[in-house]
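Understanding the architecture of this molecule
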Amino acid sequence: MTLPSFARDDIVAVALAPGVGLGLATPSRRWAIPATDPGAVLGAIHGDRGPRWVWWGRDAAADPIARAGIPVDRCWDVSAVHRLLEGGWRAPLGLVWASLRDLDLDTLPQMGQLGLLDGAVDEGDRDQPLRPDGHLRPEWVDGGFRETPERLAAWAALALDAMRVQERRLARRAEPEQAMATARSESAAELLCAEMTAHGLPVDEAEARRLITEAAGERPSSVADEDARRAERDDLVLQHLDSRRQVNLRNPAEVKAMLRREGFDLPDTRAWRMETLRADEPLIDALLTWRRAERIATTYGWRWLDEHVRAGRLRGEWAGSDGAAGRMTASAGLHNLPAVMRPLVAAEPGHALVRADLGQIEPRVLAAVSGDVGLIRATRQDDLYAPVASALGVERDMAKVAVLGAMYGATTGASAGALAGLRTNYPVAMELLEHAAELGRRSQDVFTVGGRRVRMGVTGDTDGDIDRAVSAAAARGRFARNALIQGAAAEFFKVWAITVRRRGRPLEAEVVLCLHDELLVHVPVAHADAAAVMVESAVHEAARYWSPQPDVRFVADVCVIDRWSEAK
DNA sequence: ATCGTAGGCGCC
DNA sequence: AAAGGGCGCCTACGAT
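Definitions and limits used
- Residues numbered from 1 in each chain as written.
- Chains lettered and ligands numbered in written order.
- Predicted model: local features only at pLDDT ≥ 70, side-chain atom pairs only at ≥ 80, totals over all residues.
- Heavy atoms only, no water.
- Pairing = 2+ DSSP bridges.
- Helix = DSSP H or I, 4+ residues; strand = E, 2+ residues; numbered from the N terminus.
- Axes fitted to C-alpha atoms, helices over the stretch in contact; angles between N-to-C directions.
- Near = heavy atom within 4 Å.
- Polar contact = N/O pair within 3.5 Å; in protein donor to acceptor, adjacent residues only side chain to side chain.
- Nonpolar A, V, L, I, M, F, W, Y, C, P; charged D, E, K, R; others polar.
- Salt bridge = Lys/Arg side-chain N within 4 Å of Asp/Glu carboxyl O.
- Buried < 20%, exposed > 50% of the residue type's maximum accessible area, 1.4 Å probe, protein only.
- Domains from an automatic or database assignment.
- Contact = heavy atoms within 4.5 Å.
- Buried area = accessible area lost by both parts, 1.4 Å probe.

Turning to the sheet that holds strand E14 (residues 510–514), a few remarks are in order. Across the sheet, which stays open at both edges, the four strands sit in the order E14-E15-E11-E16 with antiparallel pairing between neighbours. Sheet topology places E14 and strand E16 (555–561) at the edges, where each strand pairs with a single neighbour. Taking the axes of each pair of neighbouring strands and ignoring which way they run, one obtains an average angle of 20 degrees across the sheet.

In structure tokens, the structure reads:
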């Protein structure tokens, strides 16, 4: 059969499934194309620069497209846009559709309850994606959409309908154009996440084994061996105790009781509380050292290596906006690999890593979203905190603590003292934060500059306990205050990441890690320097696309390295 | 057995 | 400097 061809301005919905085929849909036509390798077929249709593709989300399109390596830049991911509109985490498609069509959530069909309500619901034609009551058919959501090319085409067509409704809802946001732009960038970021999930992060496995051995000992040969090594680690702490009494170091309550017997009365046993004591107290020092080693042994040890590292790549599940404020998330330790383990992340032979991080991203984003002229002026400096310090008449470090404290909602200590100075010098920025905090305390949702709803949750039953209600409200205030900044920073970061992804293609540069304000790009050595220049200029391109305030300056630190640990 | 929660800690 | 926001993942433990 002849394949359809599309212009760049076209908007085409797609769903595909390996071994089955692909379905395409425009407002006026559908194509049901059988193919065992639908990725190859779609790649041929797409060419170098295809239309804007529309899809339901990861299952129906982004994941298979990522695995097929199709160079799609412009897309619309209905699930990702749903999270932008409604807030919160990844939602089942049945819920996404119900919320778009304002369907009753009480009648939302669940998988596995089909027999239960026999006769209660008119099942209609099972070869149609919608039930007569308007809900998505749960068995279609659960994989039924990919049974035949015809079903894939029907599924794609429905995604097109969903997109139209989402566009109308985005148009009702306070800043419709910004919201529409965010919908597109969040969609592309979700595709990037599909690619990072499929391809993984390059890892030097020999170095990984060496680091794990250093931290946790040789690979245990048996369960008994593993127990013995645990006991050895424990003894380094327990030897400081006179008492014969057994203390389970993994039980915080027992540790707290033990410390009390030893003369340390602490409200909890968190590391920062004990940090100042460790210089003079061998027991405390041993305990803190044990905690660090235990963390690596349990979380980043041999089991972690076996489960997540294969064929030189560390693979985790990436999501574009599964955080409350819209940050990316990643499993398999990709976002919290301890610094001492970072040497295991290394470029493959013939390749290099370009590592880049945005400098002082949160206060710069605050300047952008608030439009505070004083703060915008401060962003001209490489070190934004220097002009803030002179304005406040305090030391530079104090200025930093004060600004961060204002964005996190700190209430005590030195940063609270500097708050008055911040209010005087940066009234617009501080007012924005205060307003967000007030909305949060009142349990009202807030919206990022990109139009993302951030849910404040239900008020919560505090059983009439006034103290608990007040402290819960205060916590919501801190959360809302921070969410505007964290969420906007996440939006800007994702625009940067997808810009690097797109601009990196001619250089064979691949984004392999996103870490809130930091990017790792894997690139052939021959293109490494060009990639570094591109990553830097992508910051400014992203700022032009994203920033509501063109005068805000964003900065990045960029370097070419072989191992992640060589950075800085 | 399986679940949710808490304390703890890694990263930003 | 203070201990504030986010996430994932570990162990222990109580409830089911």
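Moving on, there is more to tell.
As a further point, take the protein's contact with DNA strand B. Surrounding DNA strand B, one finds 18 residues, the nearest of these being Thr 269, Arg 291, Arg 295, Asn 336 and Asp 517. Each atom of DNA strand B within 4 Å of the protein belongs either to a base or to sugar and phosphate, the latter forming 79%. The separation between a phosphate oxygen of DNA strand B and a polar side-chain atom of Arg 291 is 2.3 Å. In the model, a base nitrogen of DNA strand B is placed 2.7 Å from a nitrogen or oxygen of the Asn 336 side chain. Sort the elements by how many residues they give to the surface near DNA strand B and helix H12 (residues 282–299) lands first, with three residues. Looking at the surface near DNA strand B residue by residue, the class counts come to six nonpolar, four polar and eight charged.

This paragraph deals with the pattern of salt bridges. In a structure, side chains of opposite charge can pair up when their charged atoms sit close to one another. Throughout the structure, instances matching the rule amount to 48 salt bridges. Ionic pairing is found between Arg 273 and Asp 268, a salt bridge with its closest N-O pair at 2.9 Å. On the basis of relative accessibility, which here comes to 28%, the residue Arg 273 falls in the partly exposed class. In this structure Asp 268 comes out as buried when scored by relative accessible area, which is 18%. With a shortest N-O distance of 3.1 Å, Glu 541 and Arg 502 are connected by a salt bridge. Taken as a pair, Glu 541 in helix H22 (residues 528–546) and Arg 502 in helix H21 (residues 466–503) lie far apart in primary sequence, 39 residues in all. On the basis of relative accessible area, Arg 502 is assigned to the partly exposed category, the value being 30%.

So, about unusual backbone geometry. Of note in this structure, Ala 311 is not a glycine but carries a positive phi near 50 degrees. Residue position: Ala 311 is located in the loop between strand E7 (309–310) and strand E8 (313–314). In this structure, Gln 360 is a non-glycine residue whose phi angle is positive, near 50 degrees. In this structure, Gln 360 sits in the loop between strand E11 (351–359) and helix H14 (361–370).

Our focus in this paragraph is the protein's contact with DNA strand C. If you check the shell around DNA strand C, you find 29 residues, and the closest are Asn 251, Ala 332, Gly 405, Thr 412 and Arg 478. Each atom of DNA strand C within 4 Å of the protein was assigned to sugar, phosphate or base; sugar and phosphate come to 67%. The contact in question runs from a sugar or linking oxygen of DNA strand C to an N or O atom on the side chain of Gln 486, over 3.0 Å. Of all the secondary structure elements, the ones that give two or more residues to the surface near DNA strand C are H12, strand E10 (329–330), helix H17 (396–408), helix H18 (413–417) and H21. When its residues are assigned to classes, the surface near DNA strand C shows 11 nonpolar, 13 polar and five charged.

The domain architecture assigned to chain A consists of domain 1 (11–172), domain 2 (206–305), domain 3 (317–361 + 491–566) and domain 4 (369–487). Using C-alpha coordinates to define each centre, domain 3 is positioned 27 Å away from domain 4. Taken together, the contact between domain 3 and domain 4 spans 15 residues of the former and 20 residues of the latter. Counting each side, the surface lost to burial between domain 3 and domain 4 is near 1,500 Å², with a carbon and sulfur contribution of 51%. Summed over the shared surface of domain 3 and domain 4, the number is one salt bridge. In this structure, the salt-bridge partner of Asp 382 is Arg 553, at a minimum N-O distance of 2.7 Å.

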